Amino acid sequence: MYLQEWFRSLHSGAGLKGSESEDFWSLLPSLPRPSLSLSSSLLGLGAVASLTAYWLATRPRPMRPPCDLKAQSVGDPVCRRSALNKSDCLLYFYYDDIRTAFAMFQRGLKIAGDGPCLGFRKPNQPYEWISYNEVAEQAHVLGSGLLVKGCQPNPQQFVGIFAQNSPQWTITELACYYYSMAVVPLYDTLGPEAMVHILDLAEISLVFCDREDKAASLLENKEKGATPTLSCLVLFKDFGRAFAERARKCDVEVLKLEQVISPLCFAHFSISSLFFFFSSFLFQGSFEIRQEDVTISYLPLAHMFERMIQFSMFVHGARVGFYQGDISLLMDDMRALKPTFFPVVPRLLNRIYDQIMASVTSPFRRAVLHFAVRRKQAELNSGIVRNNTLWDMLVFNKIQAKLGGNLRFVLTASAPISPTVLSFLRATLGCLIFEGYGQTECTAGCTFSMPGDFSTGHVGAPLPCAIVKVVDIPEMNYFAKNGEGEICMRGPSVFGGYLKDPQSTAEALDSDGWLHTGDVGQWLPNGTLRIVDRKKHIFKLSQGEYIAPEKIENIYMRSVPVLQVFVHGDSLESYLVGIVVPDPEVFVDWAKERGIVGSYQELCENPDMKKAVLEDMRAVGKEAGLKSFEQVRDLHLHPEMFSVANGLLTPTFKSRRADIRRVFQPQISKMYKKTAN
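The structure displayed is predicted, hence computed values, not measured ones.

Procedures and definitions
- Residues numbered from 1 in each chain as written.
- Predicted model: local features only at pLDDT ≥ 70, side-chain atom pairs only at ≥ 80, totals over all residues.
- Heavy atoms only, no water.
- Helix = DSSP H or I, 4+ residues; strand = E, 2+ residues; numbered from the N terminus.
- Expected span 1.5 Å × (residues − 1).
- Buried < 20%, exposed > 50% of the residue type's maximum accessible area, 1.4 Å probe, protein only.
- Pairing = 2+ DSSP bridges.
- Axes fitted to C-alpha atoms, helices over the stretch in contact; angles between N-to-C directions.
- Polar contact = N/O pair within 3.5 Å; in protein donor to acceptor, adjacent residues only side chain to side chain.
- Contact = heavy atoms within 4.5 Å.

Draft legend 1. Just helix α5 (residues 132-148), in detail. End to end, α5 covers 24 Å across 17 residues, agreeing with the expected 24 Å (1.5 Å per residue, within 8%). Burial runs high along α5: twelve of the 17 residues are buried. Looking only at α5, the buried set comprises Tyr132, Val135, Ala136, Ala139, His140, Val141, Leu142, Gly143, Ser144, Gly145, Leu146 and Leu147. Following α5 by one or two positions, Gly150 adopts a phi angle in the positive range, close to 100°.

Draft legend 2. Local environment of the pairing of strand β23 (residues 562-568). Counted residue by residue, β23 has seven buried out of seven residues, so it is predominantly covered. Taken together, the six bridges between β23 and strand β24 (residues 576-582) define a ladder with antiparallel strand orientation. Directly across from Val567, in β24, lies its bridge partner Gly578.

Draft legend 3. Spotlight on the sheet that holds strand β5 (residues 158-162). Strands sit in the order β6-β5-β7-β8-β9 across an open sheet of five strands; the sheet is parallel. Single-partner strands in this sheet number two, and they are β6 (182-186) and β9 (253-256). Averaged over all pairs of adjacent strands, the angle between their axes in this sheet comes to 25°, without regard to strand direction. Pairing of β5 with β6 involves five bridges; the strand directions are parallel. Within β6, the position partnered with Gly160 by the bridge is Val184.

Draft legend 4. Fine view of the side chain of Thr528. By the element assignment, Thr528 lies in the loop between β19 (515-523) and β20 (529-534). Side chain to side chain, Thr528 and Asn526 meet in a polar contact 2.6 Å long. Sequence-distant contacts of Thr528, that is, excluding residues within four places in its chain, are made with Gln72, Asp453, His458, Gly460, Ala461, Gln522 and Trp523.

Draft legend 5. Expanded view of helix α6 (residues 167-178). Compared with an ideal rise of 1.5 Å per residue, which puts twelve residues at 16 Å, α6 spans 16 Å between its outermost C-alpha atoms and is within 8% of the ideal. Burial runs high along α6: eleven of the twelve residues are buried. Of the residues making up α6, those classed as buried are Pro167, Trp169, Thr170, Ile171, Thr172, Glu173, Leu174, Ala175, Cys176, Tyr177 and Tyr178. Just beyond α6, the residue with positive phi is Ser180, at close to 65°.

Here it is, written out as structure tokens:
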């Protein structure tokens, strides 16, 4: 026992805390009194001392949060701001000399220079990279070419981009910022009427397109006389002679991207077009994006969220790799790219969770998985985030490898995520997963979960650039005095209004500059915000009860067989009905467990399966506290997923409620008629 006593005194002399000493001591066996030579004893002591030093140097350390996690925001029960602010003043700029999107890219250019900036890949090939210097040069000469084509170097010059995510998209955007022009993104799901409205409202004369078919859809509107200002289409890819001749007949010039690039280099104009407030996503001394970070770009660049992500990378000289354009190949792209940053929407995280759970079929493997998750969650609760534990090597490494095996952090936004899914993935992926909340009108974000806070069921505290408050919604029984109501925000990241649309602007912004979101929130005791309801999509049943369908849908998504769900109600009816898309990866096995056998298509048409799914959903709803009138009374099982391609989801994977209602109106009417009888 002399050796043990000597080490105890050694630890005490080294100033180790009691818990640290005991942790180490538990690793040593009880040793007998040595009867070895002096040299052997010294050798043994040296080995154990080396082990001690190694353990002290490599033991995991908890993340230090940037503020008290029990008080993440300050204010009263109605209105609050970030606890990270050193005063009542909001944060306008993270770097005083970086005040525009253009300046953010220029900072990254100075940092990275010839380092990689934008990446792309061909099928089954590794990523190829365009350097910061090359991107800057291409954007500069393309911007000069826009001036030659008659575009004016001011923020009132709007340039359209109608294309999928690609390096050309980003280079075109930067070309506009070089000369203070504003970018107007277009996308397929807008529909022809909305497309015409945008082109006319912004008086857009020049649009960049990635493919001939997209350019043809714009040309069709021009031929009908619906978009008289359109005069030039620039394509990223080749186009046919017939299309060029068709365009010429209606006075539209069609060019390849290379033809717009001008050999002339004009002096830079003052950049004053777009201000971005991404700086609030950086946490001093706690978490920062680094030059070696890389993200994958697949969420639509037509939306502020993805553009915010890209410029957050650019300002640090980090890399952006683009997916191939096919969402079904996203996991393959991630394995090739090995991103450290993964921006994501909850639907995709739900899909990953379902695939993991469906792959664990035997009771033993499921028990091991749940035990491993609990062990990792215990570490998370103590502030330790890592992916090199024994459980990572034995259980989670294959899951992490599917996402590239190099993830450092994930950001989920656009919709609430299930606490179960969030906690599970934080453990299995072994990286930070943040949750944010906001909308385009506030430059993508207004709240963000705090580094070191691994609790769930909220979207974090206000960002340092925003003040957030809740206001009364009497018809839904939400009152600000109770810390709940419609979420409103104010600050430098809030937009100034909609283009040439004072009526819509007045509906969104009140006279004091507060942006009304239409979402219903609740302040939690730790100063974070929870999204509890939705005001804009509420409707009233015949008995006068108000219904928030999105809240109900988010709860029903927790049902194992459910992949997608749409809840419908009518003011002439007293109950709800639903359209459900079962998860094809779990539905067949889930049915077998209930003694029902058949193909996925056959099961969707089976009345017994519909009854089983309805019972499971209602049980999940009851457990989550849904009232009886909030539960669906009947449903229709549909075998085809809602998607962007079939027009039932937006590009950010939100339900297009009016279109879903229109497509399934026969089934909805049939359910109401059957139940009434």
